[in-house]
Amino acid sequence: MTHDRQPDHAGALLTIDLAAICDNWRLLKARLGGAECAAVVKADAYGLGAARVAPALYRAGCRHFFVAHLDEALALGPALAADATRYVLHGPLPGSEAEFAAQGIIPVLNSLPQLAAWRALAQALDRPLPAVLQVDTGMARLGLAPQELDALCADPDALRGVDLRCVMSHLASAEEPANPVNAQQLQRFRAALERLPQTPASLANSSGIFLGADYHFDLVRPGAALYGVAPVAGQPNPLRPVVRLQGKVVQTRTIEPGTPVGYGHSWTAQRRSRIATVAVGYADGFLRSASNRAYVCLNTVKLPLVGKVSMDTILVDASALGEEAIHEGALLDVIGPECGVDELAARAGTIGYEILTSLGTRYARSYIGG
Ligand SMILES: *Cc1c(COP(=O)(O)O)cnc(C)c1O
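Calculation criteria
Residues numbered from 1 in each chain as written. Predicted model: local features only at pLDDT ≥ 70, side-chain atom pairs only at ≥ 80, totals over all residues. Heavy atoms only, no water. Helix = DSSP H or I, 4+ residues; strand = E, 2+ residues; numbered from the N terminus. Buried < 20%, exposed > 50% of the residue type's maximum accessible area, 1.4 Å probe, protein only. Contact = heavy atoms within 4.5 Å. Lys, Arg positive; Asp, Glu negative; His and termini not counted. Charge placed at Lys NZ, Arg CZ, Asp CG, Glu CD. Salt bridge = Lys/Arg side-chain N within 4 Å of Asp/Glu carboxyl O. Core = buried A, V, L, I, M, F, W, Y, C linked by side-chain atoms within 4.5 Å. Domains from an automatic or database assignment. UniProt positions renumbered as here; feature names shortened; annotations may be inferred. Pairing = 2+ DSSP bridges. Axes fitted to C-alpha atoms, helices over the stretch in contact; angles between N-to-C directions.

Draft legend 1. Expanded view of the overall build of the protein chain. Looking only at helices and strands, the protein chain has eleven helices and 19 strands in total. Each of the three principal axes of the protein chain carries a C-alpha extent, and together these read 80 × 40 × 40 Å. When burial is assessed residue by residue, the protein chain has 52% of its 370 residues classed as buried. Contacts in the protein chain between residues at least 24 apart in sequence constitute 66% of all its contacts with a sequence separation of at least 6. In the protein chain, which carries 32 positive and 35 negative side-chain charges, the distance between the mean positions of the two groups comes to 3 Å.

Written as structure tokens, this is what we have:
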């Protein structure tokens, strides 16, 4: 995938602020007592470019990096110094164990079969192999189920050959502080820790950090908050925005009242309107569900989307600016200071995570603050 499109050729400019990401990491770290702050850089650092984001975070002091897949961890290797630790949340898929050990990548072991395969490799190599163990405390997604934990605790040899670095779990509803599920998962996590060998523990994602010190343990694993996504539903966002997406105006026109606009004529002008066609569409990850709901900005002026999002374009009602204010080639903020990731997500019926991880490959990307 190339990210080196020329600004003059691309329909939109995507600017990623590495200094803001590092400031966000420091802000999260400052909320912790003694706990370490890792960085989750899976899915290409939530679409922002792990090859740029991870080294910036390393320079800020981060030493623990989580990804989902082995291939993501391998790709990260050249970007990080040897004292950085890479963890793979999915653990080893069958047949990939040896590659983990050869590359010094630490798997998160999520099931008894994964644990058994890791132990077998340790035995074959005749050396202890490092791993994180995940227990499921109420998500039914990844990690040992309660019966598996029982079986593990009943077998004195269960962890033989495993250099257990950490026991972790993951919260299902951390962005809702009032949700009783959080306390229930915390209690289950503590109960699991009591049954396992003494090791560092990790529970909190971005939002979990904001649930308070009880949730911090020894290592926290923020992703979204690093990239500016609000960690607590319905509360002001303390993090710096990271992404700016500026779409270019391809064409402008004035239409008369009664003129329908876009595919399916889902919007019709009620008055004489100035319409601008902007070169961002669903093929660029601008979600079609934002049709007739989102807005773009020129400075502080909000221009509503009208009609359906097309593959390569959106249409905006620029009447508020008057006839001559925007011209072909003008830049409008699709994501920016007055139209943040979370606001766009809410209007598209999704979460900021999906907006970021959908950011397309046709944008001219640039990094600032490196
Ligand atoms: C993705 C992920 C994280 C990071 O979550 P955010 O909500 O983005 O902070 C942490 N832990 C696990 C297990 C994850 O899958």
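On we go.
Draft legend 2. A look at the pattern of salt bridges. Overall, the coordinates contain 15 salt bridges when judged by the stated rule. We note a salt bridge from R240 to D23, for which the minimum N-O separation is 2.5 Å. In this pair, R240 sits in the loop between β10 (219-220) and β11 (243-255) while D23 sits in helix α1 (residues 18-30), placing the two residues 217 residues apart along the sequence. Residue R240 is classed as partly exposed on the basis of its relative accessible area, which comes to 35%. Overall, D23 belongs to the partly exposed group, its relative accessible area being 30%. Of the charged contacts in the structure, one is a salt bridge between D214 and R190, with a shortest N-O distance of 3.9 Å. One end of the pair, D214, is in the loop between α9 (206-209) and β10; the other, R190, is in helix α8 (residues 180-195), with 24 residues separating them in the sequence. A relative accessible area of 39% places R190 in the partly exposed class. Here the salt bridges do not stand alone but share partners, grouping D17, D23, R26 and R240 into one network.

Draft legend 3. Fine view of the nonpolar core. Ranked by size, the top nonpolar core spans 119 residues in total, and within it I21, V41, L48, L57, F65, Y227 and F286 carry the most contacts. Looking at this core element by element, the count peaks at seven residues for helix α3 (residues 50-60). Counting the residues that make up this core, at least three belong to each of domain 1 (18-227) and domain 2 (243-368). Here L48 is in contact with I16, I21, V53, Y227, V242, V243, L356, L359, R365 and Y367, once residues within four sequence places are set aside. Judged by nonpolar contacts, the second largest core, of six residues, contains V261, A269, I275 and L315.

Draft legend 4. Representation of the UniProt feature "binding site: substrate" (unreviewed entry) in the protein chain in the model. The positions that UniProt labels "binding site: substrate" (unreviewed entry) are, in the present scheme, R141 and M311. Separation in sequence by 171 residues is matched in space for these annotated residues, since their most distant C-alpha atoms are 33.4 Å apart. Ignoring anything within four residues of it in the chain, the contact list for R141 reads D136 and H170. Relative to the helices and strands, M311 resides in the loop between β16 (301-304) and β17 (314-317). Setting aside its immediate chain neighbours within four residues, M311 contacts G281, Y282, A283, D284 and R362.

Draft legend 5. Looking closely at the sheet that holds strand β5 (residues 85-88). Pairing is parallel in the open sheet, where seven strands are placed in the order β3-β4-β5-β6-β7-β8-β9. Pairing within the sheet leaves two strands with one partner each, and these edge strands are β3 (39-40) and β9 (201-202). In the packing of helix α6 (residues 112-125) onto the sheet, the strands contacted are β6 (106-109), β7 (129-134) and β8 (162-168), and the crossing angle to β7 comes to about 170 degrees.

Draft legend 6. Examining the side chain of T199 more closely. One can find T199 in the loop between α8 and β9. Looking at T199, the relative accessible area reads 16%, which means it is buried. Beyond its immediate chain neighbours, meaning those up to four positions away, T199 contacts L164, C166, V167 and D218.

Draft legend 7. Representation of the UniProt feature "domain: Alanine racemase C-terminal" (unreviewed entry) in the protein chain. Under the present numbering, the feature "domain: Alanine racemase C-terminal" (unreviewed entry) in UniProt falls on residues 242-368. As annotated, residues 242-368 comprises 11% helix and 35% strand, and the C-alpha atoms at either end are separated by 10 Å.

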